[in-house]
Amino acid sequence: MTSMFDPRLLRSLVAIADSGNFTHAAERLNMTQSTISQQIGRLEAMAGHRLVDRSARPVCLTAMGERLIGHARRILLLNEDAALLLRDPAGTAAISIGLPEDLATGAMAQAFAGFARAHRHIRLDATTGLSRDLAQRYRQGEFDIVIVKEAVAGPDCRASFAEPLGWFTAAEGGAMEEEALPLVCFPAGGLYREAMFAQLEREGRRWFVAFSGSSLQSVVAAVAAGVGVSLLPLAGVGGAAVARRHDLGGVEPMLVSLYAREGDGPLANLGREMIAVLAARAG
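So, here is what we can say about the structure in this document. (Residues numbered from 1 in each chain as written. Predicted model: local features only at pLDDT ≥ 70, side-chain atom pairs only at ≥ 80, totals over all residues. Heavy atoms only, no water.)

## Comments concerning the overall build of the chain
(1) Moving on: A tally of helices and strands in the chain yields 9 helices and 12 strands.
(2) Moving on: The C-alpha radius of gyration computed for the chain amounts to 33 Å, which surpasses the reference 19 Å derived for 283 residues by more than 25%, pointing to a less compact arrangement than a globule.
(3) Moving on: Each principal axis of the C-alpha distribution contributes one length, and for the chain these read about 105 × 40 × 30 Å.
(4) Moving on: Sorting the 283 residues of the chain into buried and exposed places 40% on the buried side.
(5) Moving on: Across the chain, contacts joining residues at least 24 apart in sequence account for 74% of those joining residues at least 6 apart.
(6) Moving on: By element, 54% of the accessible surface of the chain is carried by carbon and sulfur atoms, the whole surface being about 14,900 Å².
(7) Moving on: Once the 28 positive and 30 negative side-chain charges of the chain are each reduced to a mean point, those two points are 9 Å apart. (Helix = DSSP H or I, 4+ residues; strand = E, 2+ residues; numbered from the N terminus. Rg over C-alpha atoms; globule rule 2.2 N^0.38 Å. Buried < 20%, exposed > 50% of the residue type's maximum accessible area, 1.4 Å probe, protein only. Contact = heavy atoms within 4.5 Å. Areas by Shrake-Rupley, 256 points an atom, 1.4 Å probe, with all protein chains shown as cover. Lys, Arg positive; Asp, Glu negative; His and termini not counted. Charge placed at Lys NZ, Arg CZ, Asp CG, Glu CD.)

What follows is the structure in structure tokens.
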């Protein structure tokens, strides 16, 4: 007895069970009566039991046939589901996207959702991270589209927008009078971190790193809690309990730049939709 059954043989058994007649079952499956009889014989040989009582009128299943028929129907349904799944191209192609955490906004998600509805065959794989890491991974071919923050846009940039920055402290913390200014910043390699250090050096201020966070959310939360001051994008602090400080010197805006692989069609469409979101954010 085998543990695997040919779906074609199971389909013949189901047709016999439903019609009670070899002739009608053969017509239903577009076969000859002798072919369906041979298939039932092969199935019985595989099962090691008689499955059909040929002497009954109408033809009916034996006890073993009745035991098998429910499983046969489920096997055939699963087989059909698998065939439908493979015929559906949804999610079979992929576009990889890299972007800073604070740009993975609701508006950007809406752009992704609209694109996904229009292009069911494409799966969007989004990764958030620090801009320098994202830029390096894009140059290495890991992303199809990337958004990064940078001081100067590269020659292959598709679009670039100014990102105004400002110094922030806790809204309820008041001015910090420490001899050395406590800073809240991103890890080493973060663009805001280096801009903070450079600006304070130009102002002749002493400072130390009091807190380092790997996400904008953690940095803003630490500032709001009074851990220290930080240089942050104005568009990234909405709703947080922080206050702007104007006594630490002005800072040049960063650039928010989008880079994308050459191409047209869906990839180009997605790039245009993401650029529109960035343009609206820049005001």
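## Re the packing of helix α5 (residues 106–118) against helix α9 (residues 266–282)
Packed helix pairs are characterised by how far apart their axes lie and by the angle those axes make with each other.
(1) Moving on: Packing of α5 against α9 brings their axes to within 9 Å, and their N-to-C directions diverge by 155°. Accordingly, the angle class assigned to the pair α5 and α9 is roughly antiparallel. Where α5 crosses over α9, the handedness of that crossing is right-handed. On α9, the residues that touch Ala107, Met108, Ala111, Phe112 and Phe115 of α5 are Pro266, Leu270, Glu273, Met274, Val277 and Leu278.
(2) Moving on: Tallied by class, residues from the contact of α5 with α9 come to 10 nonpolar, no polar and 1 charged. (Axes fitted to C-alpha atoms, helices over the stretch in contact; angles between N-to-C directions. Parallel < 35°, antiparallel > 145°, perpendicular 65-115°, else oblique. Left-handed = near helix turned anticlockwise from the far one by under 90°. Nonpolar A, V, L, I, M, F, W, Y, C, P; charged D, E, K, R; others polar.)

## Concerning α9
(1) Moving on: Helix length check: α9, at 17 residues, gives a terminal C-alpha distance of 24 Å against a target of 24 Å (1.5 Å per residue), a fit within 8%.
(2) Moving on: For α9, the set of buried residues is Leu267, Ala268, Leu270, Gly271, Met274, Val277 and Leu278.
(3) Moving on: If you follow the buried residues of α9, they end up packed against β3 (93–99), α5, β4 (122–128), β5 (145–150), β6 (159–163) and β12 (254–260).
(4) Moving on: Two residues or fewer past α9, Gly283 is found with a positive phi of approximately 75°. (Expected span 1.5 Å × (residues − 1).)

## A few points about the environment of Pro58
(1) Moving on: Counting through the fold element by element, Pro58 comes out in the loop between β1 (52–53) and β2 (60–61).
(2) Moving on: Take Pro58: its relative accessible area is 56%, and that puts it in the exposed class.
(3) Moving on: Each C-alpha atom, one on Pro58 and one on Asn21, is 6.3 Å from the other, the two residues being 37 residues apart in sequence.

## Here we look at the pattern of salt bridges
(1) Moving on: The final tally for this structure, using the stated rule, is 16 salt bridges.
(2) Moving on: Taking the shortest distance from any N to any O, the salt bridge between Asp156 and Arg139 comes out at 2.6 Å. Of this pair, Asp156 sits in the loop between β5 and β6 while Arg139 is found in helix α6 (residues 131–139), placing the two residues 17 residues apart along the sequence.
(3) Moving on: Three or more residues are tied together by salt bridges with common partners; here these are Asp102, Lys149, Glu163 and Arg281. (Salt bridge = Lys/Arg side-chain N within 4 Å of Asp/Glu carboxyl O.)

## Side note on the sheet that holds strand β7 (residues 165–170)
(1) Moving on: If you trace the 3 strands from one edge of the open sheet to the other, you get β10-β7-β11, paired in antiparallel fashion. Looking at strand neighbours, the two that pair on one side only are β10 (230–233) and β11 (242–245), the edges of this open sheet. Across the sheet, the mean angle separating the axes of adjacent strands is 55° when strand polarity is ignored.
(2) Moving on: Judged from the 4 bridges that link them, β7 and β11 form a sheet pairing that is antiparallel. Counterpart to Ala170 in the pairing with β11 is Val242.
(3) Moving on: Relative to β10, helix α7 (residues 191–203) is tilted by about 130°, and along the sheet it contacts β7 and β10.
(4) Moving on: Along the sheet face, helix α8 (residues 216–224) touches β7, β10 and β11 and points at about 130° away from the line of β10. (Pairing = 2+ DSSP bridges.)

## Brief notes about the packing of aromatic side chains
(1) Moving on: Inspection of every chain in the model, using the stated rule, returns 3 aromatic pairs.
(2) Moving on: Ring centres of Tyr138 and Tyr259 lie 6.2 Å apart, and the angle between their planes is 45°; on these two criteria the pair is classed as tilted. Separated by 121 residues along the polypeptide, Tyr138 in helix α6 and Tyr259 in strand β12 bring together distant segments of the chain.
(3) Moving on: Their ring planes at 10° and their centres at 4.2 Å tell us that Phe197 and Trp207 sit as a pair that is stacked. Pair noted here: Phe197 is in helix α7 and Trp207 is in strand β9 (residues 207–212), with a separation of 10 residues, a long-range link.
(4) Moving on: The exposure class of Trp207 is partly exposed, given its relative accessible area of 26%. (Phe/Tyr/Trp six-rings, centres within 6.5 Å; stacked < 30°, edge-to-face > 60°.)

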